[in-house]
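# Notes for the structure review
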Amino acid sequence: MKLNKDNYFSLEANRHYMSVSQFKDFAPPFGGCEARAMAKLRGEYEEPEKTAFLEGKYVHAWNEGTLPEFKAENPDLYSSQGKTAGQLKSNFKHCNTMIEVLESDPLVMKALAGEKEVIMTGELFGIPWKVMLDSYQPEVGLFADLKALKEIDGKWWNKEAQVYENFLEHYGYIVQMAVYAEVERLKSGREQWLIPHMVVVTKQDPPDHEVMYFDFDDIERALNIIRNHIERVKEVKAGLAESVRCEKCEYCRLTKKITRIKHSSEFALY
Ligand SMILES: [Zn+2]
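This report concerns the structure included in the present document.

The rules behind the values
Residues numbered from 1 in each chain as written. Predicted model: local features only at pLDDT ≥ 70, side-chain atom pairs only at ≥ 80, totals over all residues. Heavy atoms only, no water. Phe/Tyr/Trp six-rings, centres within 6.5 Å; stacked < 30°, edge-to-face > 60°. Helix = DSSP H or I, 4+ residues; strand = E, 2+ residues; numbered from the N terminus. Buried < 20%, exposed > 50% of the residue type's maximum accessible area, 1.4 Å probe, protein only. Pairing = 2+ DSSP bridges. Axes fitted to C-alpha atoms, helices over the stretch in contact; angles between N-to-C directions. Contact = heavy atoms within 4.5 Å. Donors = N, O, S within 2.8 Å, 3.2 Å for Na, K, Ca; no water. Tetrahedral: all angles 85-135°; square planar, octahedral: opposite > 155°, others 65-115°. Expected span 1.5 Å × (residues − 1). Bend = angle between axes of the 7 residues up to and from the residue.

Each aromatic ring pair is described using two quantities: the centre-to-centre distance and the angle formed by the ring planes. Under the criterion given, the structure shown has 13 aromatic pairs. A centroid spacing of 6.1 Å and a plane angle of 85 degrees characterise the contact between Tyr58 and Phe70, whose relative ring orientation is edge-to-face. On the criterion of sequence distance, the pair formed by Tyr58 in helix 4 (residues 51–64) and Phe70 in helix 5 (residues 67–73) is long-range, its members being 12 residues apart. Summarising the burial analysis for this pair, Tyr58 and Phe70 share the class buried.

Here you go:
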């Protein structure tokens, strides 16, 4: 299956290819739920679109240079009632502030230069993967991903590993960068990985921003994490193993039927 911008996010593309978000959608350590992931692939369940998602798309459209088209195609960005009718909703006005912060920092613009929204595919762990690089500069030796986040600080308790995680670990961003680096390496035929960069801008007022890079150790560690989980994901996706419900996510709550009565200790926090 040949991918382009119109079919990249399609059900057909998701059935054929693995992606980082699909991998995370399957893998419990990343908040994944096999039952939900499979329901999505069957076309039975669609995650409700969150405002935060649209804000991210807004900032990405700026990076791609397609913000005017994006605004024209999304009337939801504009307020339809009251004195502010016809104006951008306040959260999208704030996206403009975030964009101004990025535009006025030369190091950010350097990291985000190059070819935009580059689609690549490659075989990893015995299955085809798809990736989309926000900014691609092979001649400089790097690619960059752009993230619009609530904040950079914050810690999340990882129950499985019994440790606190930062936003990079919690959201699986290192895993994402590692897959992108590996797919790009295979595609280019180069021996070495490009250096993955991430440009982060926060939704805080005023926004914070940061540029970070990941080294080869990060990439190797993250590829190992995927290696530890991918066989199970492959089995479930291929229908060779039955999907397990997490009983926590929106999909599981929506389709929940109690099958047994639990002991109080099952609700322990640690
Ligand atoms: Zn679930």
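With respect to the helices and strands, the residue Asn74 is situated in the loop between helix 5 and helix 6 (90–103). Overall, Asn74 belongs to the buried group, its relative accessible area being 19%.

This part covers the sheet that holds strand 3 (residues 142–149). Taking strand neighbours across the sheet as the criterion, the 5 strands line up as 1-2-3-6-7 in an open arrangement whose pairing is mixed. Each edge of the sheet is formed by a strand with only one pairing partner; in this case those strands are strand 1 (115–124) and strand 7 (209–213). Adjacent strand axes in the sheet meet at a mean angle of 35 degrees, parallel and antiparallel pairs treated alike. Taken together, the 3 bridges between strand 2 (residues 127–137) and strand 3 define a ladder with antiparallel strand orientation. Pairing of Gln137 across the sheet is with Leu142, part of strand 3. Seen against the sheet, helix 4 touches strand 1, strand 2 and strand 3 and runs at an angle of roughly 145 degrees to strand 3. Along the sheet, helix 10 (residues 216–237) contacts strand 2 and strand 6 (195–202); its crossing angle with strand 2, the most-contacted strand, is approximately 150 degrees.

This part covers the coordination of the zinc ion. Note on the zinc ion: its protein donors are Cys33 (SG), Cys246 (SG), Cys249 (SG) and Cys252 (SG). The metal-donor distances range over 2.3 to 2.4 Å. In this structure, the zinc ion is coordinated by 4 donor atoms arranged in tetrahedral fashion, with angles at the metal of 105 to 117 degrees.

The terminal C-alpha atoms of helix 10, which comprises 22 residues, lie 29 Å apart, in line with the 32 Å expected from a rise of 1.5 Å per residue. Of all the bends in helix 10, the largest measures some 45 degrees and sits at His229. Listed as buried for helix 10 are Asp218, Ile219, Ala222, Leu223, Ile226, Ile230, Val233, Val236 and Lys237. Elements that come into contact with the buried residues of helix 10 comprise helix 1 (11–16), helix 2 (20–26), helix 3 (34–41), strand 2, helix 9 (173–188) and strand 6.

Any link to function would need more than the numbers given here.
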